[in-house]
Amino acid sequence: MAPSLAQSPTPDIEADQIRQRMRAIRRDLGADVEDLVGHAERLMDWRYCVQRNPWVSMGIAAFVGYFMVPGRLVAFPTDDTALRKLADRIPVTVQPPPPEPKASLFGSLVSLGLNTAGRAALAFAGQQVGKFIGQQAAQFAPPQTEETTHGKSTR
Amino acid sequence: MANRLAEYERSQAPGAVWPRTPQDLQARANLWLQQGSQWVAEHPEIALTTAVVAGVVLGWLIKRR
């Protein structure tokens, strides 16, 4: 059985220890926060970052310089003579559209037969489903007695 | 590596033939890298400006020519 607080031999000493620890934590907290702020400020300083990673910083700077240079603009001629020369250089050949594949008599007959069979199967399936639903409804419907039809109860 | 560096420093005397082996070359390269990073840390503005200018020149040569 665990001893209760009232039965503890040194509750005052434990409380004092806890108070001392809390006081020490409070005292250290200020110094820790100051350290943290100083460290964050140092991290935000670009000189410190360059000192820590000199070659990476140099590479990033060179990369930035490389991407600062815009690409070359390609200007297309828009005057009549240049466009005419350009049009003369492009060979104009009109290609006839590819002939559509002709359906053979056998193929059309097979597709017609498949169409008809599919429709007949669909109609038959619909008929069967309707019949099944009708049977189920008749089976689970409550029997209509004389009392229920006249709205009278036996109780 | 420290021995190689010490040997390299000793070999800076006039008339000394250095490097002799691949390890010598590696020691010299490491020394240059160390000195370079130290210089960059001491002069960050000059180093970054130089790097940006080098990047611009490289980009100009590649993209615009």
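Residues numbered from 1 in each chain as written. Chains lettered and ligands numbered in written order. Predicted model: local features only at pLDDT ≥ 70, side-chain atom pairs only at ≥ 80, totals over all residues.

Participant: Lay out the overall build of chain A with the relevant residues and their values.
Facilitator: Summing up its helical and strand segments, chain A has 6 helices and 0 strands in all. Ordered by position from N to C terminus, the α and β elements of chain A give α-α-α-α-α-α. The proportion of buried residues among the 155 residues of chain A is 5%. (Helix = DSSP H or I, 4+ residues; strand = E, 2+ residues; numbered from the N terminus. Buried ≥ 20, exposed ≤ 12 C-beta atoms within 10 Å, placed from the backbone.)

Participant: Outline the overall build of chain B, listing residues and values.
Facilitator: Counting its secondary structure elements, chain B contains 3 helices and 0 strands. For chain B, the succession of helices and strands along the chain, N to C, is α-α-α. A buried classification covers 12% of the 65 residues belonging to chain B.

Participant: An account of the interface of chain A and chain B is needed here, citing residue identities and associated values.
Facilitator: Accessible area lost during the coming together of the parts is what is often quoted as the interface size. In this assembly, 18 residues from chain A lie in contact with 17 residues from chain B. Looking at the side of chain A that touches chain B, the elements that each hand over two or more residues are helix 2 (46-52) and helix 3 (54-68) of chain A. A total of 12 residues in the side of chain A that touches chain B trace back to one element, the largest contributor, which is helix 3 of chain A. A breakdown of the residues in the side of chain A that touches chain B according to their chemical character gives 12 nonpolar, 4 polar and 2 charged. (Contact = placed C-beta atoms within 7 Å. Nonpolar A, V, L, I, M, F, W, Y, C, P; charged D, E, K, R; others polar.)

Participant: Which residues make up helix 3 (residues 44-63) of chain B, and what values go with them?
Facilitator: Residue and element names in this part refer to chain B. End to end, helix 3 covers 28 Å across 20 residues, agreeing with the expected 28 Å (1.5 Å per residue, within 8%). Among all positions in helix 3, only Pro 44, Ala 47, Leu 48, Ala 51, Gly 55 and Gly 59 are buried. Within helix 3, the buried residues cover an arc of 105° as seen down the axis, which keeps them to one side. Exposed residues lying more than 90 degrees from the buried face of helix 3 are Glu 45, Ile 46 and Leu 61. (Expected span 1.5 Å × (residues − 1). Arc of directions from axis to C-beta.)

Participant: If you had to explain the confidence of the model for chain A to someone new, which residues and values would you point to?
Facilitator: Residue and element names in this part refer to chain A. On average, residues of chain A score 82 in pLDDT, and 85% of them are at 70 or above. Per-element mean pLDDT across chain A ranges from 51 in helix 6 (residues 146-150) up to 95 in helix 3. When the criterion is pLDDT under 50, residues 151-155 qualifies, and its contacts beyond four places in sequence or with other chains add up to 3 contacts. (pLDDT = per-residue confidence, 0-100.)

Participant: Could you give an account of the nonpolar core, with specific residues and numbers?
Facilitator: Residues Val 50, Met 58, Ala 61 and Ala 62 of chain A together with Val 40, Ala 47, Leu 48 and Ala 51 of chain B constitute the largest nonpolar core, which totals 8 residues. Breaking this core down by element, the ones donating at least two residues are helix 3 of chain A together with helix 3 of chain B. (Core = buried A, V, L, I, M, F, W, Y, C linked by C-beta atoms within 7 Å.)

Participant: Which residues make up the packing of helix 3 of chain A against helix 3 of chain B, and what values do they have?
Facilitator: The contact between helix 3 of chain A and helix 3 of chain B brings their axes to 6 Å, and the two run at 40°. By the angle between their axes, helix 3 of chain A is oblique relative to helix 3 of chain B. Along this stretch, helix 3 of chain A crosses helix 3 of chain B, giving a crossing that reads as right-handed. Of the residues in helix 3 of chain B, those in contact with Ser 57, Met 58, Ala 61, Ala 62, Phe 63, Val 64, Gly 65, Tyr 66, Phe 67 and Met 68 of chain A of helix 3 of chain A are Ala 47, Leu 48, Ala 51, Val 52, Val 53, Ala 54, Gly 55, Val 56, Leu 58 and Gly 59 of chain B. (Axes fitted to C-alpha atoms, helices over the stretch in contact; angles between N-to-C directions. Parallel < 35°, antiparallel > 145°, perpendicular 65-115°, else oblique. Left-handed = near helix turned anticlockwise from the far one by under 90°.)

Participant: Before we move on, can you summarise the packing of helix 3 of chain A against helix 2 (residues 22-42) of chain B with the specific residues and values?
Facilitator: Interaxial distance between helix 3 of chain A and helix 2 of chain B falls to 9 Å at its minimum, and their mutual angle equals 70°. In terms of axis orientation, helix 3 of chain A runs roughly perpendicular to helix 2 of chain B. Here the hand of the crossing between helix 3 of chain A and helix 2 of chain B comes out left-handed. Counted together, Pro 54, Trp 55 and Met 58 of chain A of helix 3 of chain A and Ser 37, Val 40 and Ala 41 of chain B of helix 2 of chain B form the full contact between these two elements. Here the residues of the contact of helix 3 of chain A with helix 2 of chain B sort into 5 nonpolar, 1 polar and no charged.

Participant: So what about the environment of Met 68 of chain A? Which residues, and what values?
Facilitator: Considering the arrangement of structural elements, one finds Met 68 of chain A in helix 3. Taking the number of C-beta atoms within 10 Å as the measure of exposure, Met 68 of chain A has 12 and is therefore exposed. Contacts of Met 68 of chain A, omitting those with residues within four sequence positions, involve Val 56 and Gly 59 of chain B.

Participant: Tell me what's going on with the confidence of the model for chain B, and back it up with residues and numbers.
Facilitator: All names here are of chain B. This prediction gives chain B a mean pLDDT of 83; 78% of its residues lie at or above 70. Considering each helix and strand of chain B separately, the mean pLDDT is smallest for helix 1 (residues 2-10), with a value of 70, and largest for helix 3, with 95. Among the prediction metrics, the complex's ipTM stands at 0.70, with pTM recorded as 0.45.

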